[in-house]
Amino acid sequence: MTPPLEVSPTPVTPTQIGRDLERADGVEKVTGRAAYAVEMAPADALHAWLVTSTIARGRVTAIDHGRALAHPGVVAVLDHTNAPRLAQTDNAELAILQDAEVGYRGQIVAVVLAETSEAAREGASLVDLTYASDPHEAELREDNADHRPEAVNPELPTDTDEGDVDAALAGADVVVEETYRTAYESNNPLEPHAVVARWQEDGDGPVLTLHDSTQGVYGVAAALAPMLGLEDGQLRVVAPYVGGGFGSKGEAHSHEMAAALAARTVPGRAVRLAVTRQQMFAMTGYRTATISRMRLGAHADGTLTAIEHRAFEQTSRIREYAEQTASPTRMMYAAPHRRTRHRLARLDVTVPSWMRAPGEMPGMLAHELAMDDLAIATGVDPVDLRVRNEPEVDPETKLPWNDRRLVECLERGAEAFGWRERPAEAAARLDGEWWIGTGVASATYPMMRQPGNEARVCSLPDGRYAVSIAAVDIGTGARTVLAQIASDALGCPLDAVQLEIADTLLPSASVAGGSSGTSSWGSAIVAAAQQFRADHGDSPDPGLVTTASAADNPDAQTHAMHSFGAVFAEARVHRLTGEVRVPRLHGTYSVGRVINPRTARSQLLGGLVMGLSAALLEESWRDPRFGHFVTQDLATYHVATHADVLDLQADWLEEDDQLATPMGSRGIGEIGIVGTSAAVLNAVRHAIGVPVRQIPVTPDLLVAALPGS
């Protein structure tokens, strides 16, 4: 294949960019015409049901298909004895049904195929398995988190050191030394993980097509193709509509491999596999619990002199994933002496993965709670303390900022929230049965533009253009904003753009994640559109084509690029029960130019709700005796509902960051959850005067510590 042109895109004059437009796919979704992964299955598709292990570590010693195959409608049962062999098995999470070994409870050990979903489910219950169990470890503790990974997500240094932290702490006027904890959290998108797989033969060999609920079609193809022994063009992945992901659909998981292997045994017939809500807790990713030991040293006025953040978290023994929990600590506030560490416990559990703002969410919770501990110790207002420690350059890289406006977010947010009206002392306001407090926390997220993105522009009759890129819209509004970007880059009306996305037959695109989607895909579209105009002019004949990618951004090497925000929360704590309510939650952000205010506000509000949910409710509870999460549905794993969300507001500064992207944007998907839980916990502390250093903050943690209890 001829590589696409590499183009340095120039700034786009906004006409459609910045407009408050309805979602391009809104009508299809609300009328039910949007077809999701399992709805792409043909009428004669076989239904797959997963059989998962009931031990945490060991091996299958016997398996009997007899009762399952005798059940009406059951067509086949696959296990390690009869499944197709993989060409590669280095990714142990995906290398399923290849041997008898069991690495975690919930691992796929068999797949039942049947003519109906009901028959497949019943057949799965009839597969008889015998195991030999080995000793396992499934509990995260500081004393077993002693493994140092080579790097932390995505490829950041594991440890960092600057100055002499110990000496600075010894000489500090004020020292904060505390431990902060976050719970296990499980991604629960509205659409469970699902895939339809079908093998067909053509003149060049077998071709596998996956209709998949994924955040990145090229990522799935890159992970599965070499393991299946497929070359370029032999694996097509399509994801026209995706019902959310929050990171869990950002990479391939074992169910996708299960569908591919099962379909290989029934050539020509499609296999439809929908992961159950319960199974999602075991095999499609989750946020690791974290333990953060923070030490802050400061002068009496609150000016930081030293920061240390030691993060302890867990990974899976079968495949390593290291959350970058301490990474935001490296750049958030000024201090001449700094140290960060990451250590992992290697457990016999399912593999953790991305969940919205991995690293930044738990890491900033610890740092922002520690900052409030420092504010109380020094007697400095929490907003003023953060302003006082504003760095002139990036403390980690020493590069100048692209556009750091955290102070403006804090000041503007404080004014809108009425922050200065709060009493300085805690436990000072009681309204009937409820203690009232307010809290603040800063937010940050790095600006990222991923490599490997290409876009194609083709002229159509009547002055229209087909704009193609394999980006996936997971419900964030990518279809809408990419069309707006293409319209401005081509200088044509919005309705002249025919956008094609989410198919590996289209030019390559990176994953919808890391707040990088619009920046990465949009920059490629601008590059292709501008090159198309240079190649073919303003009035091209139909059928002319240009494919291009955006050249590396040189400013990314000379500037530290991040977005920032400030979150303010009001918390009410019941004086008898310890129940917490959050009637007000406001966020003010600096995120570059906003492409579409409607979809942007939706993203930021969604992040705030997820942060609220994490602060008060969300916790996957793992039983270390058996190695699995016992919270396996939305009845036991609680998330915020409408009744929990009252006065919720998201606002942003007007900006145009041309150092970041030709659209002036930076990305908004992750930052809404960062700092939010910390603001809620800081508000709870202000309400009752008792420090809270873990999430979720549930009534049982508070009731014994309430004033007057």
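As a starting point, this report considers the structure included with it. (Residues numbered from 1 in each chain as written. Predicted model: local features only at pLDDT ≥ 70, side-chain atom pairs only at ≥ 80, totals over all residues. Heavy atoms only, no water.)

## Section: the side chain of His309
Stage number 1. By the secondary structure assignment, His309 is in strand β15 (residues 304-316).
Stage number 2. Ignoring anything within four residues of it in the chain, the contact list for His309 reads Ser292, Arg293, Met294, Thr325, Ala326, Thr329, Arg339, Thr340, Arg341, Gly363 and Ala366. (Helix = DSSP H or I, 4+ residues; strand = E, 2+ residues; numbered from the N terminus. Contact = heavy atoms within 4.5 Å.)

## Details of the packing of helix α13 (residues 597-616) against helix α14 (residues 676-688)
Stage number 1. Their axes nearest at 7 Å, the elements α13 and α14 cross at an angle of 50 degrees. By the angle class used here, α13 and α14 are oblique. With respect to the hand of their crossing, α13 and α14 are arranged in right-handed fashion. For the pair formed by α13 and α14, the contact residues are Leu608, Gly611, Leu612, Ala614, Ala615 and Leu616 on the first element and Thr676, Ser677, Val680 and Leu681 on the second.
Stage number 2. Along the lines of polarity and charge, the residues of the contact of α13 with α14 split into seven nonpolar, three polar and no charged. (Axes fitted to C-alpha atoms, helices over the stretch in contact; angles between N-to-C directions. Parallel < 35°, antiparallel > 145°, perpendicular 65-115°, else oblique. Left-handed = near helix turned anticlockwise from the far one by under 90°. Nonpolar A, V, L, I, M, F, W, Y, C, P; charged D, E, K, R; others polar.)

## Quick notes on the nonpolar core
Stage number 1. One finds Leu228 and Ile469 to be the most contacted residues of the largest nonpolar core, which totals 84 residues.
Stage number 2. Among residues more than four places away in sequence, those in contact with Leu228 are Leu86, Ala87, Trp199, Leu208, Met257, Ala260 and Leu261.
Stage number 3. Of all hydrophobic cores here, the second largest spans 82 residues; its members include Leu604, Leu612, Tyr637 and Ile695. (Core = buried A, V, L, I, M, F, W, Y, C linked by side-chain atoms within 4.5 Å. Buried < 20%, exposed > 50% of the residue type's maximum accessible area, 1.4 Å probe, protein only.)

## Digging into the pairing of strand β13 (residues 271-274)
Stage number 1. Residues Val271 and Leu273 line the buried face of β13, whereas the alternating positions Arg272 and Ala274 sit on a face that is not buried.
Stage number 2. Strand direction decides the pairing type here: strand β2 (residues 46-52) and β13, joined by three bridges, are parallel. Bridge pairing links His47 to Arg272 in β13.
Stage number 3. In this structure, strand β10 (residues 194-202) lies alongside β13, joined through four bridges in antiparallel fashion. Within β13, the position partnered with Val195 by the bridge is Leu273. (Pairing = 2+ DSSP bridges.)

## Re the pattern of salt bridges
Stage number 1. Applying the stated rule across the entire model yields 51 salt bridges.
Stage number 2. The salt bridge partner of Asp128 is Arg67, with a shortest N-O separation of 2.8 Å. Of this pair, Asp128 sits in strand β7 (residues 128-133) while Arg67 sits in helix α2 (residues 66-70), and the two are 61 residues apart along the sequence.
Stage number 3. Since its relative accessible area comes to 29%, Asp128 is described here as partly exposed.
Stage number 4. The shortest N-O distance in the salt bridge between Arg295 and Glu308 comes to 2.7 Å. Residue Arg295 is found in strand β14 (residues 290-298), and its partner Glu308 is found in strand β15; the two are separated by 13 residues along the sequence. Pair check on accessibility: Arg295 and Glu308 agree, each one buried.
Stage number 5. What you see here is one network of salt bridges that share partners, running through Arg148, Asp159, Asp161, Asp166, Arg295, Glu308, Arg310, Arg339, Arg341 and Arg343. (Salt bridge = Lys/Arg side-chain N within 4 Å of Asp/Glu carboxyl O.)

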